[in-house]
Amino acid sequence: MNAEILNADEIKKVAPVFGQLSFDEHEQVVFCYDKDTGLKAIIGIHNTVLGPALGGTRMWNYSSEWEALNDVLRLSRGMTFKSSISGLDLGGGKAVIIGDAKTQKSPELMRRFGKFVDSLSGKYITAEDVGMQTEDMDTVREVTKYVTGISEHLGGSGNPSPVTGYGVYMGMKAAAKYKFGTDKLEGKKVLVQGIGNVGETVVKHIREEGGEVFISDINQERLEAVQQKYGAKIYTGSDLYTADVDIYAPCALGATVNDETIGKLKAQVIAGAANNQLENEAKHGKLLQEKGIVYAPDFLINAGGVINVYAELKGYNRQETMAKTENIYNTTLEILNKAEESKMTTHQAALKIAQERIEKKKQEK
Ligand code: NAD
């Protein structure tokens, strides 16, 4: 151990967890460290009123520990509202592991992380997120039962991403119905940013319906593979946000809807998988509303994955899971209409419904 001891003035300069910008009444934040495996992880438990806090583990090469903390605070809060609006008896949690998933992930590291999850006795249940694969969840399963999204041969439901992708597609169709008067995507131009696990499924569904899909990714190999497999077009313009499309589907990372991008967007609908798409929920939700761009709230339409892993906890039934995910279409339309009636942004309207369910449960307890 070689931690520096700060003097009283230096301590005053360090923002405590409760003072973090993204701190929002989180119940518990757990810092996990293991010297032998090099594990540095943070588990964020935002709210457990509706049930145990479930949310994936993200492994990312964060530029600083503050960035990792900020991410886990934002992501775990998002899970609370995602599960609530989806009618699941789950709270919101998330974990981040600091490091490069390609070079720093090892079975020992995943097992050590699993032991930290286990020490929370089920208050937090993990799953996969960016930088994780089903096999990693299988490794975690060796040391704790508080993990979902494990392989089918081990009795799990496998990779949740195709289900998430299907839900995003349902939400996109509902938003199209609201904005264009029809939910048919045939002939519509859609830009999918990030064609990983979820993005690829979104591309597949839109192409099957005859939509024109433009794809963008930092991974050239994937771009070529998805182009060939589904007949998508690789976006070649210099600025993605000025693309002449009807729908923009952010399926890579968050905060792409911001001061800089909103002014450029030609798309009339935003519907994608990425978490926390609005850099600033209140400000950017309002700006989109003023511009007449319909925003399908991310935490509502990307809930297919959590619906899927929740089903795993209850005894997996694929048909029921897909039907629940398909219902994202109805919920999205309902919320878009509600937002219009109450003159709220779509994000605020979705948040309000999610918060009301939690509040009601709290009163009953
Ligand atoms: P993934 O890691 O499989 O795919 C992400 C893709 O985005 C990769 O192909 C990557 O190369 C690409 N990418 C990264 N930065 C980019 C950039 N700046 N521009 C363009 N492309 C970029 O992840 P995923 O599982 O497909 O998840 C995508 C998003 O959806 C994430 O934000 C994730 O948190 C969210 N999400 C995923 C699930 C799920 O079930 N997997 C559920 C809910 C939300």
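Preceding this paragraph is the structure being described.
Along every chain, residues carry numbers that run from 1 in the direction the sequence is written. Per-residue local features are limited, in this predicted model, to residues with pLDDT of at least 70; the limit for side-chain atom pairs, both in listing and counting, is 80 or more; totals at the level of whole chains, interfaces and linings are taken over all residues. Only hydrogens and water are set aside when side-chain values are computed; all heavy atoms of the structure are taken into account.

*Asks:* Can you lay out the packing of helix H13 (residues 328-342) against helix H14 (residues 346-364) for me, pointing to particular residues and giving the numbers?
*Replies:* What counts as an axis is a line fitted to C-alpha atoms, over the stretch in contact for a helix, and the angles between N-to-C directions run from 0 to 180 degrees. Numbered from the N terminus, helices here are DSSP runs of H or I no shorter than four residues, and strands are runs of E no shorter than two. With their axes 8 Å apart at the nearest point, H13 and H14 run at an angle of 110° to one another. Judged on the interaxial angle alone, H14 and H13 are roughly perpendicular. Two packed elements cross with a definite hand, and for H13 against H14 that hand is right-handed. Here Ile 335, Leu 336, Lys 338 and Ala 339 of H13 lie close against H14, whose contacting residues are Thr 346, Ala 349, Ala 350 and Ile 353. As a working rule, the residues Ala, Val, Leu, Ile, Met, Phe, Trp, Tyr, Cys and Pro are called nonpolar, Asp, Glu, Lys and Arg charged, and the rest polar, with Gly in that last group. Classifying every residue of the contact of H13 with H14 gives 6 nonpolar, 1 polar and 1 charged. Should an angle lie under 35 degrees it is considered roughly parallel, over 145 roughly antiparallel, and from 65 to 115 roughly perpendicular; all remaining angles are considered oblique. Crossings are classed by handedness, with left-handed meaning an anticlockwise turn of the near helix from the far one by less than a right angle and right-handed meaning a clockwise turn. Only heavy atoms matter for contacts: two residues are in contact if any of them lie within 4.5 Å across the pair.

*Asks:* Tell me about the packing of aromatic side chains, and please be specific about residues and values.
*Replies:* Any Phe, Tyr or Trp ring, taking Trp's six-membered ring, that has another such ring centre within 6.5 Å forms a pair; planes under 30 degrees apart are called stacked, those over 60 apart edge-to-face, and the others tilted. Following the criterion strictly, the structure yields 4 aromatic pairs and no others. Summarising the aromatic geometry, the rings of Tyr 166 and Tyr 169 are spaced 6.4 Å apart at their centres and angled 40° between planes, so their arrangement reads as tilted. Highlighted residues: Tyr 166 and Tyr 169, both in helix H5 (residues 161-180), separated by 3 residues, approximately one helical turn. Exposure remark for Tyr 166: the relative accessible area of 14% places this residue in the buried category. Looking at Arg 112, its charged tip hangs above the ring of Phe 116, at a distance of 4.3 Å from the centre. Geometrically, a lysine NZ or arginine CZ counts as sitting over a ring once it is within 6 Å of the ring centre and also within 35 degrees of the ring normal. Geometry around Phe 180 places Lys 188 over its ring, the cationic atom sitting 4.9 Å from the centre. Only protein chains enter the area calculation, which uses a 1.4 Å probe; residues under 20% of their type maximum are buried, those over 50% are exposed, and those in between are partly exposed.

*Asks:* Account for the packing of helix H6 (residues 197-208) against helix H7 (residues 220-230), naming residues and giving values.
*Replies:* One way to put it is that H6 packs onto H7 with a least axis distance of 10 Å and a crossing angle of 25°. In this view, H6 runs roughly parallel relative to H7, as classed from their interaxial angle. For the pair H6 and H7, the crossing hand works out as right-handed. Across from Glu 200, Val 203, Lys 204 and Arg 207 in H6, the residues of H7 making contact are Arg 222, Val 226, Lys 229 and Tyr 230. For the contact of H6 with H7, the per-class residue count stands at 3 nonpolar, no polar and 5 charged.

*Asks:* Kindly report on unusual backbone geometry, identifying the contributing residues and their values.
*Replies:* Of note, the phi angle at Asn 276 is positive, near 55°, even though the residue is not glycine. Following the sequence through the fold, Asn 276 ends up in the loop between strand S10 (269-270) and helix H9 (281-291). Relative accessible area serves as the criterion here: at 16%, Asn 276 is assigned to the buried category. Phi angles above zero are rare outside glycine, and Lys 343 is one such case at about 55°. Tracing the sequence through the fold places Lys 343 in the loop between H13 and H14.

*Asks:* Lay out the sheet that holds strand S11 (residues 294-295) in plain terms, naming residues and giving numbers.
*Replies:* Strands are treated as partners if at least two bridges between them are detected by DSSP. Spatial ordering of the open sheet is given by S8-S7-S6-S9-S10-S11, a layout of 6 strands whose pairing is parallel. The strands lining the two open edges of the sheet, one partner per strand, are strand S8 (233-234) and S11. Sheet topology note: the strand S6 (residues 189-193)/strand S7 (residues 212-216) ladder contains 5 bridges and is parallel. Residue pairing in the sheet places Gln 193 in a bridge with Ser 216 of S7.

*Asks:* Go over helix H2 (residues 65-85), please, and point to the residues and values.
*Replies:* Between its first and last C-alpha, H2 extends 31 Å over 21 residues, near the 30 Å set by a 1.5 Å rise per residue. The positive-phi residue at the C-terminal boundary of H2 is Gly 87, with phi of around 75°. The span you would expect from a helix comes to 1.5 Å times its residue count less one.

*Asks:* Tell me about the nonpolar core, residues and numbers included.
*Replies:* Judged by nonpolar contacts, the single largest core of 58 residues is most densely connected at Met 172, Val 192, Val 202, Val 203, Ile 206, Ile 215 and Val 306. With 8 residues, H5 is the largest single contributor of residues to this core. Residue ranges assigned to each domain were obtained from an automatic or database domain assignment. Both domain 1 (25-74 + 89-158) and domain 2 (162-303 + 330-354) contribute no fewer than three residues apiece to this core. Setting aside chain neighbours within four positions, we find Val 203 in contact with Val 192, Ile 195, Val 213, Ile 215, Val 226, Tyr 230 and Ala 232. As used here, the term nonpolar core means buried Ala, Val, Leu, Ile, Met, Phe, Trp, Tyr and Cys residues forming a set that is joined through side-chain atoms within 4.5 Å. Listed in part, the 23 residues of the second largest apolar core include Ala 41, Leu 109, Met 110 and Val 117.

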